[in-house]
Amino acid sequence: QVQLVESGGGLVQAGGSLRLSCAASGLSFASYIMGWFRQAPGKEREFVAAITRWSGASTTYADFAKGRFTISRDNAKLTMYLQMNSLKPEDTAIYYCVVDRKVNPTTSATEWEFWGQGTQVTVSS
């Protein structure tokens, strides 16, 4: 049974940083593509970032995340990370870890097979 557990969310002031973690179990971790989505109140889930399987040589970011967020993975620790810098109030959302067995990541939420429960990120102005 695949389990994804996010951590690292919290309350931070605008301009601050947070590092989200996603600990995975029940899967052959290195062979899965991984990513992050977020959902703000009253809005649909939106793509944040994704990383390819194995060495994670390729990453993809939403425009709002480019230059501020960095996705990475540690296959030995079965953990994925999202380093978020220069946070803005509009980054406030629940952040979800996702994994899938496809080869290439997609920005469509409906195409990711497994989801974590999410971690709340709140950025105050």
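Residues numbered from 1 in each chain as written. Predicted model: local features only at pLDDT ≥ 70, side-chain atom pairs only at ≥ 80, totals over all residues. Heavy atoms only, no water.

(A) Representation of the state of the cysteines in the model. Following the criterion strictly, the structure yields one disulfide and no others. The residue that forms a disulfide with Cys22 is Cys97, at a sulfur-sulfur distance of 1.9 Å. Of note, the bridge from Cys22 to Cys97 carries an S-S torsion of about -65° and is left-handed in sense. Of this pair, Cys22 sits in strand β3 (residues 18-25) while Cys97 sits in strand β9 (residues 93-100), and the two are 75 residues apart along the sequence. Each of the two residues, Cys22 as well as Cys97, counts as buried. (Disulfide = S-S within 2.5 Å. Helix = DSSP H or I, 4+ residues; strand = E, 2+ residues; numbered from the N terminus. Buried < 20%, exposed > 50% of the residue type's maximum accessible area, 1.4 Å probe, protein only.)

(B) A look at the packing of aromatic side chains. The final tally for this structure, using the stated rule, is five aromatic pairs. When the centroid spacing of 5.2 Å and the interplanar angle of 45° are considered together, the rings of Phe37 and Trp115 count as tilted. Of this pair, Phe37 sits in strand β4 (residues 33-39) while Trp115 sits in strand β10 (residues 114-115), and the two are 78 residues apart along the sequence. Residue classification places Trp115 among the partly exposed residues on the basis of a relative accessible area of 24%. Three or more aromatic residues joined by ring pairs form one cluster here, namely Phe37, Phe47, Tyr96, Trp112 and Trp115. The ring centre of Trp115 lies 4.6 Å from the NZ or CZ of Arg45, which sits over that ring. If you follow Lys102 out to its NZ or CZ, it ends over the ring of Trp112, 5.9 Å from the centre. (Phe/Tyr/Trp six-rings, centres within 6.5 Å; stacked < 30°, edge-to-face > 60°. Lys NZ or Arg CZ within 6 Å of the ring centre and 35° of its normal.)

(C) Region of the structure containing the pairing of strand β8 (residues 79-84). Along β8, five of the six residues are buried, which leaves the element largely enclosed by surrounding structure. Judged from the six bridges that link them, β3 and β8 form a sheet pairing that is antiparallel. Bridged to Ala23 within β8 is Thr79. Here strand β7 (residues 69-74) pairs with β8 via six bridges, running antiparallel. Opposite Arg73, over in β8, you have Met80 as the bridge partner. (Pairing = 2+ DSSP bridges.)

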